[in-house]
Amino acid sequence: METTIKKKAEKRTIITALIWGVTYLPIIYLIKHGGLDKGVSVMLSVIPIITFIIYIYSYIKQMGTLDEVKQRIQFEAVVIGFALSLLLMLVLCLLDVAGVLNDKYAGFAYLEMYLMAFYFIGLFIARRKYIV
Amino acid sequence: MKNTIKVERAKKNWTQADLATHIGISRQAVNAIETGKFVPSTVLALRMATAFECTVEVLFQLEDNN
């Protein structure tokens with residue numbers, strides 16, 4: 001029974017993540033290269049935001065079904081990810097103040113990827129700590 | 001914190017996966033607890049003790065540095 005709930009929650013999280021990916025990437029492409037009106041672009045950008053909120057909601061609900069060790073791993077992954085994100089922001093802020101920040105590598109699209117990468121780095125470190 | 005989970009498992013002839021099924025956690029979690037990498041909550045410790053039909057004190061003991 002408990003395993004079924006866990007599997008269902010896991011499946012729901014994977015599906016919502018896929019839905020987010022499927023809506024996000026084409027819409028980014030469309031907004032960037034589609035030559036759309038600004039109003040339409042803004043309207044379109046709401047779609048991946050909604051799918052992401054649904055994904056995050058499923059992810060948080062899934063956390064509740066995990067056992068203590070896996071919850072601790074997720075917690076530490078987020079803590080490490082958050083600390084690295086703050087560090088990155090600090091570095092970018094200092095570079096910006098110094099006037100040497102290259103926007104080419106510090107745009108919001110890149111930041112998003114960095115933050116995700118930081119979470120996965122945190123997950124890798126936390127998993128190594130608890131799971132052999 | 002040291003524990004006697006491995007000994008108690010051996011008495012029952014259970015694998016880590018068997019114990020995990022009995023107390024409703026993952027095998028990796030059992031391994032993390034058994035190797036002392038993770039200290040379980042009171043609820044989980046009590047569930048383990050129930051599964052092994054012993055007391056929590058038999059399963060977990062404080063060490064001098066605790």
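Residues numbered from 1 in each chain as written. Chains lettered and ligands numbered in written order. Predicted model: local features only at pLDDT ≥ 70, side-chain atom pairs only at ≥ 80, totals over all residues. Heavy atoms only, no water.

Observations concerning the pattern of salt bridges
Residues and elements named next belong to chain B.
Argument step 1. Summed over all chains, the structure comprises 5 salt bridges over all chains.
Argument step 2. Across the pair glutamate 34 and arginine 9 runs a salt bridge, and its minimum N-O distance is 2.7 Å. Here arginine 9 lies in helix 1 (residues 5–12) and glutamate 34 lies in helix 3 (residues 27–34), a separation of 25 residues in the sequence.
Argument step 3. Looking at glutamate 34, the relative accessible area reads 14%, which means it is buried. (Salt bridge = Lys/Arg side-chain N within 4 Å of Asp/Glu carboxyl O. Helix = DSSP H or I, 4+ residues; strand = E, 2+ residues; numbered from the N terminus. Buried < 20%, exposed > 50% of the residue type's maximum accessible area, 1.4 Å probe, protein only.)

Details of the nonpolar core
Argument step 1. By size, the foremost hydrophobic cluster in this structure holds 31 residues, and its most contacted members are B:Ile5, B:Leu19, B:Ile33 and B:Met48.
Argument step 2. When residues in this core are grouped by element, the largest group, 6 residues, is from helix 4 (residues 42–52) of chain B.
Argument step 3. Inspection of this core shows a minimum of three residues originating in each of domain 1 (1–66) and domain 2 (67–132) of chain A.
Argument step 4. Contact partners of B:Ile5, with chain neighbours within four places excluded, come to B:Leu19, B:Ile33, B:Glu34, B:Met48, B:Phe52, B:Leu59 and B:Phe60.
Argument step 5. Of all hydrophobic cores here, the second largest spans 5 residues; its members include A:Leu88, A:Leu92, A:Leu111 and A:Phe118. (Core = buried A, V, L, I, M, F, W, Y, C linked by side-chain atoms within 4.5 Å. Domains from an automatic or database assignment. Contact = heavy atoms within 4.5 Å.)

Concerning the interface of chain A and chain B
Argument step 1. Listed by partner, the interface residues are 11 residues for chain A and 12 residues for chain B.
Argument step 2. Across the chain A/chain B interface, buried area totals approximately 1,000 Å², and carbon plus sulfur atoms make up 57% of it.
Argument step 3. For the pair chain A and chain B, the interface holds 0 salt bridges.
Argument step 4. Summed over the shared surface of chain A and chain B, the result is 3 residue pairs in polar contact (both at pLDDT 80 or more). (Buried area = accessible area lost by both parts, 1.4 Å probe. Polar contact = N/O pair within 3.5 Å; in protein donor to acceptor, adjacent residues only side chain to side chain.)

Here we look at the domain arrangement of chain A
Residue and element names in this part refer to chain A.
Argument step 1. Parsing chain A into structural domains produces domain 1 (1–66) and domain 2 (67–132).
Argument step 2. Between the C-alpha centres of domain 1 and domain 2 there is a distance of 20 Å.
Argument step 3. Residue-level contacts link 7 residues of domain 1 with 8 residues of domain 2.
Argument step 4. Together, the buried faces of domain 1 and domain 2 total about 570 Å²; carbon and sulfur atoms form 52% of this surface.
Argument step 5. Among the residues of domain 1 in contact with domain 2, Tyr59, Met63 and Leu66 are the three that bury the most area, contributing 67% of the side total.
Argument step 6. Here domain 1 and domain 2 share 0 salt bridges between them.

Considerations on a nonpolar patch on the surface
Argument step 1. Residues A:Leu87, A:Leu90, A:Val91, A:Leu94, A:Leu95 and A:Val100 make up a contiguous nonpolar surface patch of roughly 540 Å² in combined accessible area.
Argument step 2. Mapped onto the secondary structure, A:Leu94 falls in helix 3 (residues 68–98). (Patch = residues over 30% accessible without salt bridge, like charges linked within 9 Å, V, L, I, M, F, W, Y side chains within 5 Å. Areas by Shrake-Rupley, 256 points an atom, 1.4 Å probe, with all protein chains shown as cover.)

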